[in-house]
Structure formats: structure tokens, C-alpha cells
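Each chain, written out:
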Amino acid sequence: RSTDGFAQIRETSDYVEVSCPLCLGPMCWLCGVAIPREAPAVKHRCSLVREDRAVYEYCSTCYTGAYKSGRTPKDAGRPDQRIYILGTWDAWSSMEELHKQDQDTFTCTITLGDTRWERFYFVLDRNRQLAFYPAGNKCDASARVMGPDNKRAARTWLIDGRNDRSAQGTTYRITFSWSSVAEVSWSPLPAKSIQHGCGKQGAHSYYITGSWSAWNFQMMVPVAHDDGMYEATFRMSARGYEEFQIVRDRDMTQVIHPAEARTTDATVPVRGPDNMGSGKH
């Protein structure tokens, strides 16, 4: 929905669509049918009629009532292909195959790092052009699964241990179900039940970006004999001051910044890594 409260209508070749306010996935603006991942290349004609007094604000995937006529389209699953996961736990550097539990269900476990959150998406057969991703960015498990295609545009799921009150080192099981409708879910595990591990914590790198270098990345180096400490040096310009931020893994959605804009007080709380650091140097 737009900021003025009206739905943003998008016309494609076969559908006139809006986003479902619950799962964020595309749906027909009139009948509410959830547009399938592999929609047929024919003009859509509304035929789905919900029970009397039902609303059409939500898509057919989120709607739980009955129908008077019509059938909802189904996504064609391809569970014979291998599914891999990529995530922030190792700076997106590796693809790990999910364990196939049955014909339609794939699982793995990941461990929360020091930020207590992790982002991820899936691909088919190690092909980044065939990605599964949520309909929005940094989504929880309620978001509709999109793909497999090359239209991800940085969209990922977000496991947020801060909301779950989970500590660093907590292990989560991620489940990908791929049948008539693809679904993703996750839940924390007791320490003794860990199995089928995929997302292992890797080494992260840290970069300083500042006004002295036109905000280009400069790698920070670990401090010897001081685990978790990084440092960088730069030359002060003639004006006598510089502004900077710190970025993890060269990812501008993982910025470490002060809580206040352009602060000169080192006691101001540090925030991040996140994408909320605009103007906060």
C-alpha cells in the first residue's frame, strides 16, 4: 500500500496486480488470487468468488475461508532438484545443500553470530539465477516465497534472534517445503538436538569508509593478541576533521554507526550492523 492508504496497482502483460498486505506477494487486484510463481502466459480472467461477506483485501494464499466458485492456481513444484542456502553467517561466500527429509521437505541448521541475526535465501542446483526469496526484504516466515528466478534484487529472509531473545550461538532449524505452495519456516533448537548443519559461522571482514577517501572501502586489520579488535589508519585532511562509518563484509546493509548524526562524542552508543546509518557518522 502506498503512504496515502491506496493500493499501488501494477499492470503486467497478464495480470493487474497489487501486493498482499500479509505475505507481500503479488495478487490480482480484483479477485485476490495469488499470482503463481510460474504463471501461464495467458491473460488472466477472474473466476474466483469467495463466500458471501468475505473480503478481498488478502490474497488467496492468506485467505482461509470458503469459495463459491473457481479454483486457485497451484505452483508446480520440482522437488527432484537440489536446494542450497546462502547467508550472512559466512558473508555469502558458500552454498550449502539442504538435507532432503522427504519428497517435499528440506532442512538445515544455522547458528546465530555476534549480531544475533542472520539473513539468507535459497538457490536451485548452485545457480544464483534460480533463486528462491521472499516477496519483501528482510522478511519473516510469513512472506510469500518467490522464484526460482533471477529477480531477487537483494531480497532475503531475516532470522532475528533479538526479537526471539535468542543469544549468540543459538542454533535454528530452517525448513523449506516445496509442494503445491512453497513455504519457509524456522525455529530455535535445544543445543543437544543439532543436526544437518549448513550455516557455519565464517570469518567476517570489516571496512572503514570515510570522507578522506570519498567514502571508498578501506579494510581494517585485526589487532594482534586482541581477539575481536580491528583497526585502521588514515591521514587527516587540512580542514581538521573527518567523518566515517564501519561496514561489515562490504555490505551497506551491515553498517556500524553512532546512534546520533555527525557526533564527536565517543560515548554515544554504537548501533548496527544494519541499514539505518544514513547520515550517522
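Read on for a plain summary of the structure. (Residues numbered from 1 in each chain as written. Predicted model: local features only at pLDDT ≥ 70, side-chain atom pairs only at ≥ 80, totals over all residues. Heavy atoms only, no water.)

**Overview of the layout of surface pockets**
To keep things clear, this is the line we draw: Using a 1 Å grid laid over the protein atoms alone, points where a 1.4 Å probe fits but cannot get out form a cavity; open sets with protein on both sides within 12 Å along at least 5 of 7 lines form a pocket; any residue with an atom within 4 Å of a point counts as lining. Grid points are joined across faces, edges and corners, and a volume is the space filled by probe spheres set on the points. Gly counts as polar in this scheme, as do all residues outside two lists: the nonpolar Ala, Val, Leu, Ile, Met, Phe, Trp, Tyr, Cys and Pro, and the charged Asp, Glu, Lys and Arg.
Taken as a whole, the second largest pocket encloses approximately 430 Å³ of empty space. Lining of the second largest pocket is provided by 17 residues; of these, Phe 244, Pro 258, Thr 263, Asp 265 and His 281 occupy positions nearest its centre. Residue classes in the lining of the second largest pocket are distributed as eight nonpolar, five polar and four charged.

**A look at the packing of aromatic side chains**
We count it as follows: The pairing test for Phe, Tyr and Trp rings, Trp by its six-membered ring, is centres within 6.5 Å, and the orientation test on the planes gives stacked under 30 degrees, edge-to-face over 60, and tilted for anything in between. Between buried and exposed lies partly exposed: a residue is buried under 20% and exposed over 50% of the maximum accessible area for its type, with that area taken using a 1.4 Å probe on protein chains only. Counted as over-ring charges are cases with an Arg CZ or a Lys NZ within 6 Å of the ring centre that also lie within 35 degrees of the ring normal.
All told, the structure shown has 13 aromatic pairs when counted by the stated rule. Centroid distance Tyr 63 to Tyr 67: 5.2 Å. Interplanar angle 75°. Geometry classified as edge-to-face. Owing to a relative accessible area of 28%, Tyr 67 belongs among the partly exposed residues under this scheme. One aromatic cluster is present, built from ring pairs that chain together Phe 120, Phe 122, Phe 132, Trp 157, Phe 176, Trp 178 and Trp 186. Directly above the ring of Tyr 121 sits Arg 152, whose terminal nitrogen or CZ lies 3.7 Å from the centroid. In this arrangement the basic side chain of Arg 248 is found over the ring face of Trp 117, its NZ or CZ atom lying 5.9 Å from the centre.

**Quick look at the nonpolar core**
The criterion, for reference: Nonpolar core, defined: a set of buried Ala, Val, Leu, Ile, Met, Phe, Trp, Tyr and Cys residues in which side-chain atoms within 4.5 Å join the residues together. Runs of H or I in DSSP of at least four residues are treated as helices and runs of E of at least two as strands, each being numbered from the N terminus. The contact criterion used throughout is that any non-hydrogen atoms of two residues lie within 4.5 Å.
With 24 residues, the main nonpolar core has Phe 120, Phe 122, Ile 174, Phe 176 and Val 184 as its most contacted residues. Mapped onto this core, the elements with two or more residues apiece are β6 (83-87), β9 (105-111), β10 (117-124), β13 (157-160), β14 (171-178) and β15 (182-188). For this core, the leading source of residues is β14, giving four residues. Beyond its immediate chain neighbours, meaning those up to four positions away, Phe 176 contacts Ile 83, Leu 98, Asp 104, Thr 105, Phe 106, Phe 122, Phe 132, Val 145, Ala 182, Glu 183 and Val 184.

**Here we look at the pairing of β9**
Looking along a regular strand, one sees the side chains alternate between the two faces of the sheet. Selection rule: When DSSP finds two or more bridges between a pair of strands, those strands are recorded as paired.
Of all seven residues in β9, six are buried, a share of seventy percent or more. Bridge count between strand β8 (residues 99-100) and β9: two bridges; the pairing is antiparallel. Looking at the pairing, His 99 lines up with Thr 107 of β9. Note that β9 and β14 share seven bridges and pair antiparallel. Note on β14: the bridge partner recorded for Thr 111 is Thr 171.

**Description of the sheet that holds strand β18 (residues 217-219)**
Selection rule: For helices, the fitted line uses only the C-alpha atoms of the stretch in contact; every axis is such a line through C-alpha atoms, and the angle between N-to-C directions lies from 0 to 180 degrees.
An order of β18-β17-β21-β22-β23 is seen for the five strands of this open sheet, with the pairing classed as antiparallel. Two strands in the sheet have a free side with no partner beyond their single neighbour: β18 and β23 (270-274). The mean angle between the axes of side-by-side strands here comes to 30°, regardless of whether they run parallel or antiparallel. When strand β21 (residues 244-248) meets strand β22 (residues 255-258), the two strands line up antiparallel, connected through two bridges. What sits directly across from Ile 246, in β22, is Ile 256.

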